[in-house]
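A structural walkthrough
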Amino acid sequence: MNAGVPGLMPVFESLDALATASQPPCLIVNPLSFRASRGLAEQAQAVAKSQGAEVVVVDGPASLTAAVETILARRQRHVMVLAGDGTVRAVIDQLASLPAGAWLPDLLVLPGGRTNLTAADLTPGMDALTALQRGLAAIAAKRWDAAMVERATLCIEQTPAPARYGLWVGAALIDGAIRRTHAHRIGGDGALRTGHLSTAFSLLRLAVLALRGRPGLSCPDLHIDAGALGRLQGKVSLLLATTLLHRRGLFDPYATRADGGMRLTAVSRHAAGFYRSLPRLLTGRFSRSMDVAHGFLSGGCAQAEITGLCGYSLDGEAYDTDPARPVVIRRGPSLRFFAT
């Protein structure tokens, strides 16, 4: 009723912006994440509180959902998350699932987990406390906006299940290895199961079994339709998709062919010269012969439709799917992140 009153809407917008700016920054901490559980959570909380930030400790999905809902209701713009990729994915999923045009906070992802691929992309080479201090300093100096970047999310859909959102997905042997690694960690105690070397040790065991011809992992029979990028059908050993850039380090297993908002790589089990081409694949230096005709599908695309998939891992979290129905992976909504 008041929308037609001259000058009233700009006033409301100004008051809303003022209320948003007056909210303190918020640090979400998952103290159960791998690195956070080793004293980092307490150190980060102390740093945040000393700079006037609100600290919210979460211990599961329900408390995390409630924390994000409170942030949205208060319109707390500056949100820092100290956790592993799984917790970060849950925050991203909740925000990306909001209706188009909804108000969204800015995020600073702090490496508090084991692999921290998202943090490695946005704040490469930086430890959690240094990134936290830089973020808080940028807020105090009103330089936060200068460090903002946008990242599109990945949207994974298979009807009738609701869409899931994240930043990277792995399937085929990658999903199998991730599931085996998770099972290895919960299968007992000791440094080789729960410590820093647990992932490497689990992968080494799989490699030894593979050399003996008993890997225990199978290549699914997939039909992948990536539109203009191409199609691949048959036994697939590797399947990866992401919107991350992998800005530092050699690992970047995507060809620079085409565009579309997300990057996809799929490799046939019978790809020509696979082991000889592996260094090129892992570093993104695809040769001309590493194409669909030789079992390599890689590059940018808008979406991919995959039939035959039994499951996938989204930001390290495993999900099961119905192989009889297509799984669609596409670019999702964009979020704003603090990056250096």
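The notes below deal with the structure included here. (Residues numbered from 1 in each chain as written. Predicted model: local features only at pLDDT ≥ 70, side-chain atom pairs only at ≥ 80, totals over all residues. Heavy atoms only, no water.)

**Section: the overall build of the chain**
- Regarding its fold elements, the chain presents 10 helices and 15 strands.
- Taken across its 340 residues, the chain has 47% of its residues classed as buried.
- Taking contacts inside the chain between residues at least 6 apart in sequence as the whole, the part at least 24 apart equals 73%.
- Total accessible area on the chain is roughly 16500 Å²; 57% of this is exposed by carbon and sulfur atoms. (Helix = DSSP H or I, 4+ residues; strand = E, 2+ residues; numbered from the N terminus. Buried < 20%, exposed > 50% of the residue type's maximum accessible area, 1.4 Å probe, protein only. Contact = heavy atoms within 4.5 Å. Areas by Shrake-Rupley, 256 points an atom, 1.4 Å probe, with all protein chains shown as cover.)

**A short note on the packing of helix 2 (residues 40–50) against helix 6 (residues 128–140)**
- Packing of helix 2 against helix 6 brings their axes to within 10 Å, and their N-to-C directions diverge by 15°. Looking at the two axes, helix 2 sits roughly parallel to helix 6. For the element pair helix 2 and helix 6, the recorded crossing hand is right-handed. Each of Leu40, Gln43, Ala44, Val47 and Ala48 in helix 2 lies in contact with helix 6, whose residues at this interface are Ala128, Leu129, Leu132, Gln133 and Leu136.
- Looking at side-chain class alone, the contact of helix 2 with helix 6 contains eight nonpolar, two polar and no charged residues. (Axes fitted to C-alpha atoms, helices over the stretch in contact; angles between N-to-C directions. Parallel < 35°, antiparallel > 145°, perpendicular 65-115°, else oblique. Left-handed = near helix turned anticlockwise from the far one by under 90°. Nonpolar A, V, L, I, M, F, W, Y, C, P; charged D, E, K, R; others polar.)

**Details of the pattern of salt bridges**
- Tallied over the entire structure, the rule returns 11 salt bridges.
- Notably, a salt bridge pairs Asp145 with Arg336, separated by 3.2 Å at the nearest N-O pair. In this pair, Asp145 is assigned in the loop between helix 6 and strand 5 (148–157) and Arg336 in strand 15 (residues 327–338), connecting sequence segments 191 residues apart.
- Residue Asp145 is classed as partly exposed on the basis of its relative accessible area, which comes to 47%. (Salt bridge = Lys/Arg side-chain N within 4 Å of Asp/Glu carboxyl O.)

**Looking at the packing of aromatic side chains**
- Under the criterion given, the structure shown has three aromatic pairs.
- Centre to centre, the rings of Trp144 and Phe338 are 4.8 Å apart; their planes meet at 35°, and the pair counts as tilted. In this pair, Trp144 sits in the loop between helix 6 and strand 5 while Phe338 sits in strand 15, placing the two residues 194 residues apart along the sequence.
- On the basis of an interplanar angle of 35° and a centroid distance of 5.8 Å, the ring pair of Tyr312 and Tyr319 is categorised as tilted.
- Since its relative accessible area comes to 16%, Tyr319 is described here as buried.
- Between the NZ or CZ atom of Arg114 and the centre of the ring of Phe34, over which it lies, the distance is 4.0 Å. (Phe/Tyr/Trp six-rings, centres within 6.5 Å; stacked < 30°, edge-to-face > 60°. Lys NZ or Arg CZ within 6 Å of the ring centre and 35° of its normal.)

**A closer look at the packing of helix 3 (residues 61–74) against helix 4 (residues 85–96)**
- Between helix 3 and helix 4, the shortest axis-to-axis distance is 10 Å and the interhelical angle comes to 45°. Here helix 3 lies oblique to helix 4, going by the angle between them. In the crossing of helix 3 with helix 4, the sense of the turn from one axis to the other is right-handed. Residue-level contacts link Leu64, Thr65, Val68, Glu69 and Leu72 of helix 3 to Thr87, Ala90, Val91, Gln94 and Leu95 of helix 4.

**Points about the nonpolar core**
- The biggest cluster of nonpolar side chains holds 37 residues, and the ones touching the most others in it are Ile28, Val267, Phe274, Leu281, Phe296 and Phe337.
- Beyond its immediate sequence surroundings of up to four residues, Val267 is in contact with Leu232, Val236, Ser237, Leu238, Phe274, Leu281, Gly295 and Phe296.
- Ala172, Ile224, Leu309 and Ile329 belong to the second largest nonpolar core, which has 26 residues in total. (Core = buried A, V, L, I, M, F, W, Y, C linked by side-chain atoms within 4.5 Å.)

**Quick look at the environment of Thr87**
- Mapped onto the secondary structure, Thr87 falls in helix 4.
- Residue Thr87 is classed as buried on the basis of its relative accessible area of 13%.
- Look past the residues within four positions of Thr87 in its chain and what remains in contact with it is Asn30, Ser33 and Leu64.

**With respect to helix 3**
- Between the first and last C-alpha of helix 3 there are 20 Å, a value that for 14 residues agrees with the 20 Å anticipated at 1.5 Å per step.
- Buried residues of helix 3: Leu64, Ala67, Val68 and Ile71, and no others. Along the axis of helix 3, the buried positions cluster into a sector of 95°, meaning they face one direction only. In helix 3, those exposed residues whose orientation departs by more than 90 degrees from the buried face are Ala62 and Ala73.
- On its buried face, helix 3 sits against strand 1 (26–29), strand 2 (54–57), strand 3 (78–83) and helix 4.
- The positive-phi residue at the C-terminal boundary of helix 3 is Arg75, with phi of around 60°. (Expected span 1.5 Å × (residues − 1). Arc of directions from axis to C-beta.)

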